[in-house]
Number of protein chains: 2
Amino acid sequence: MKRTTKISSAVIKRLPRYRRYLYELKRKGVEKISSKEFSEIIGYTASQIRQDLNNFGGFGQQGYGYSVSGLYNEISGILGLDKDYKMVVVGAGNLGTAIGNYIASYKGGFNMYAAFDIKEELIGKEMNGYKILDNDNLVDYVEENNIDIGIICVNKENAQAIADRLTFAGVKGIWNFAPVDLEVPDWVAIENVHLSDSLHSLAYHIKDIEKSKIKIEKNAKKGSE
Amino acid sequence: MKRTTKISSAVIKRLPRYRRYLYELKRKGVEKISSKEFSEIIGYTASQIRQDLNNFGGFGQQGYGYSVSGLYNEISGILGLDKDYKMVVVGAGNLGTAIGNYIASYKGGFNMYAAFDIKEELIGKEMNGYKILDNDNLVDYVEENNIDIGIICVNKENAQAIADRLTFAGVKGIWNFAPVDLEVPDWVAIENVHLSDSLHSLAYHIKDIEKSKIKIEKNAKKGSE
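Residues numbered from 1 in each chain as written. Chains lettered and ligands numbered in written order. Predicted model: local features only at pLDDT ≥ 70, side-chain atom pairs only at ≥ 80, totals over all residues. Heavy atoms only, no water.

1. Structural notes on the pattern of salt bridges
Side-chain pairing between opposite charges can occur once the charged atoms of the two side chains come close. Enumeration according to the criterion identifies 18 salt bridges over all chains in this entry. The residue B:Arg20 makes a salt bridge to A:Asp181 at a minimum N-O spacing of 3.3 Å. In this pair, B:Arg20 is assigned in helix H1 (residues 9–27) and A:Asp181 in the loop between strand E8 (173–176) and strand E9 (189–192), connecting two distinct chains. Per residue, the accessibility class of B:Arg20 equals that of A:Asp181, and both read buried. In this structure, B:Lys172 engages B:Asp148 in a salt bridge whose closest nitrogen and oxygen atoms are separated by 3.2 Å. You can see B:Lys172 sitting in the loop between helix H7 (156–169) and strand E8 (173–176) and its partner B:Asp148 sitting in the loop between helix H6 (138–144) and strand E7 (149–152), a full 24 residues away along the chain. B:Asp148 gets classed as buried once you look at its relative accessible area, which sits at 8%. Where salt bridges share partners, they join A:Arg17, A:Arg20, B:Asp181 and B:Asp197 into one cluster. (Salt bridge = Lys/Arg side-chain N within 4 Å of Asp/Glu carboxyl O. Helix = DSSP H or I, 4+ residues; strand = E, 2+ residues; numbered from the N terminus. Buried < 20%, exposed > 50% of the residue type's maximum accessible area, 1.4 Å probe, protein only.)

2. So, the interface of chain B and chain A
Counting from both sides, the interface comprises 65 residues of chain B and, opposite them, 64 residues of chain A. Summing the contributions of chain B and of chain A, the shared interface buries around 5400 Å²; its carbon and sulfur component is 61%. Remark: the boundary between chain B and chain A carries eight salt bridges. Seen at the junction of chain B and chain A, the total is 22 residue pairs in polar contact (both at pLDDT 80 or more). For the side of chain B that touches chain A, the elements supplying multiple residues, two or more each, are H1, helix H4 (68–78), strand E4 (85–90), helix H5 (94–104), E8, strand E9 (189–192) and helix H8 (195–224) of chain B. Of the residues contributing to the side of chain B that touches chain A, the split by class is 34 nonpolar, 13 polar and 18 charged. (Contact = heavy atoms within 4.5 Å. Buried area = accessible area lost by both parts, 1.4 Å probe. Polar contact = N/O pair within 3.5 Å; in protein donor to acceptor, adjacent residues only side chain to side chain. Nonpolar A, V, L, I, M, F, W, Y, C, P; charged D, E, K, R; others polar.)

3. Quick look at the relation of the copies chain B and chain A
Copy one and copy two of the chain differ by a rotation about an axis and a translation along that axis. The two copies are related by a screw operation: chain B maps onto chain A through 180° of rotation and 0.0 Å of translation along the axis, at an RMSD of 0.0 Å. A rotation of that kind, with that shift, is consistent with a two-fold axis. Proximity to the rotation axis, assessed at the C-alpha, singles out B:Ala98 in chain B; its C-alpha lies 3.2 Å from the axis. A high fraction, 98%, of the interface residues of chain B reappear at the interface in chain A, so the copies pair face to face through one surface. (Least-squares fit on C-alpha atoms with pLDDT ≥ 70 in both.)

4. Side note on unusual backbone geometry
Residue and element names in this part refer to chain A. Even without a glycine there, the phi angle at Asn146 is positive, about 50°. Take Asn146: it is sitting in the loop between helix H6 (138–144) and strand E7 (149–152). We classify Asn146 as exposed; its relative accessible area is 53%.

So, in structure tokens, the structure goes:
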């Protein structure tokens, strides 16, 4: 029987993390793991794990645990990692180069095809197995090579225009590093990596820890008075 | 009266995004905004916005709306963005360089001090206003310069050891780009940017969209039979 219920987006968000831990377990030769043992390494509660993994069969057996490689393969399949993806990066500055090279050295189904930039001095440059091409050829290249994913590493002023061109050329997904929320039609998947949002969360947590330290010190002082 | 209740982590996660939109509104000269207008641009519901912003006074007045700059300053303060942070990056490869230069060109309280690497050919190299130094001097440098934040851009095998050294040297926060969950004591804030988790979420969404397309096509075929 095929499942027809949709997995919640909160569960989906946790799947890459489950997969990452399962990969490490596999690498260490672990074959079975109970929800309790898994809980201790991944940091979710055992009941959360059982609930999450029940969403897709889960491969768990009472008193026996989960099959590490079975679960790993199942999650990989759900995430669409049993397929190959052709990728380009738009913007070959520091970040675009870093992300392009990250994909180029990625072991798995993500394949780097080309980078695009407007700067003449960059065009034609050889990277790790791919080239920097002229931004003017972006749409043609994406269409001709059936590129699946476009990575956006341009500044926020140009990001929407690039997203529009990638969408027009037929990409299935956009991985956006520009600090702006892009508008794309329903049939294009989008995933944002907002570095500044992450940095600001870090600043908040630092401030929050400082505040509790001050509170503890004040209370300690009061207690010794 | 000072608030003593803690703001939930879900609200905190949304604050950088509120701040980003408020910044754009400020830049465009908008002075007041209602929760309904804000809802249309930021994509949260108006009631969600009112609920979130009520957590910290919120600056909203019935029938009048929020003060854009008042709210912007309030959120900046909550996020700890009214302070300055001294930063170093460990690992001066492609990603470390990209993140280091990102911080070096950041307008705001985040200041790049130095990069660290073990590769002799990189040590001494001048970057955008900072230098690559020998990894062996990491602890001394962080202590002497009162560095607040360490950015980890090394591979996953070395990431925990670097986190330990940064913690020992007294950083307040770690911005981790290595694909591993690090263990740090309670008094060190940690924020992870797991690029592979984000990429896998994108792959999932692409697959999910494909599946719904196939379903729609099948139904259309059935309908025309």
